[in-house]
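Analysis of the macromolecular model
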Amino acid sequence: MKGTYLGEFQEVVLLTILVLDSNAYGVSIQEEIEKRTGRSVSRGALHTALTRLDEKGFISSEYGGATAERGGRRKRFYQVTNLGKSALEEAKALREDLWSSVPKVALNKMS
């Protein structure tokens, strides 16, 4: 298993998989991220993130049944593992700790 550092895009991918639940496969993940962030996501970037998350043990996957609409190809569905959920909780706790430590005056915008 690789290191447990969770990058920003990887965090977004993990959260999106949790949002999509049993419908989390490549295209649905890509579309949901684009919808929520307003940013374009390439298949290559998503595939790289999914591969790295799998190597870290943060996700698992299994293939669904073949469908005629996909020319007999099967969808690969993703799930967040308990290790992945722990990594998300740690990232959330770190962000909340940092946000709560920022002095209010530091957040005031300058005119």
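Counting starts from 1 at the beginning of each chain's written sequence and moves along it residue by residue. Totals for whole chains, interfaces and linings use all residues, but because this is a predicted model, local features are given only for residues with pLDDT of at least 70 and pairs of side-chain atoms are given and counted only at 80 or more. Side-chain metrics rest on all non-hydrogen atoms present in the structure, leaving aside hydrogens and water.

Digging into the packing of helix 2 (residues 26-37) against helix 3 (residues 43-55)
Helix-helix packing is characterised by the crossing angle of the two axes and by the distance between the axes. To obtain each axis, a line is fitted to C-alpha atoms, and for helices this fit is confined to the stretch in contact; angles are then taken between N-to-C directions over 0 to 180 degrees. Strands here are runs of E lasting at least two residues and helices are runs of H or I lasting at least four, both read from the DSSP assignment and numbered beginning at the N terminus. Packing of helix 2 against helix 3 leaves a shortest axis separation of 11 Å and a crossing angle of 110 degrees. As summarised for this structure, helix 2 and helix 3 are arranged roughly perpendicular, according to the angle between their axes. Crossing handedness for the pair helix 2 and helix 3: right-handed. On the side of helix 2, the interface is formed by Gly26, Ile29 and Gln30, while helix 3 contributes Arg43, Leu46 and Leu50. For the contact of helix 2 with helix 3, the per-class residue count stands at three nonpolar, two polar and one charged. Angles are sorted into four bins: roughly parallel if under 35 degrees, roughly antiparallel if over 145, roughly perpendicular if 65 to 115, and oblique for all others. By the definition used in this description, the sense in which the near helix is turned from the far one sets the handedness, with an anticlockwise turn below a right angle giving left-handed and a clockwise turn giving right-handed. In what follows, a contact means two residues having at least one pair of non-hydrogen atoms within 4.5 Å. Note that Gly is not counted as nonpolar here; it falls among the polar residues with everything else outside the nonpolar set of Ala, Val, Leu, Ile, Met, Phe, Trp, Tyr, Cys and Pro and the charged set of Asp, Glu, Lys and Arg.

Quick word on helix 2
The span you would expect from a helix comes to 1.5 Å times its residue count less one. Between its first and last C-alpha, helix 2 extends 17 Å over 12 residues, near the 16 Å set by a 1.5 Å rise per residue. Those residues of helix 2 not exposed but buried are Ser28, Ile29, Gln30, Glu32 and Ile33. Its buried side turned inward, helix 2 meets helix 1 (8-20), helix 3 and strand 2 (74-80). Note on helix 2: the residue one or two positions beyond its end, Gly38, has a positive phi of about 75 degrees. Partly exposed describes any residue whose relative accessible area lies between the buried limit of under 20% and the exposed limit of over 50%, with all areas from a 1.4 Å probe on protein chains only and scaled to the type maximum.

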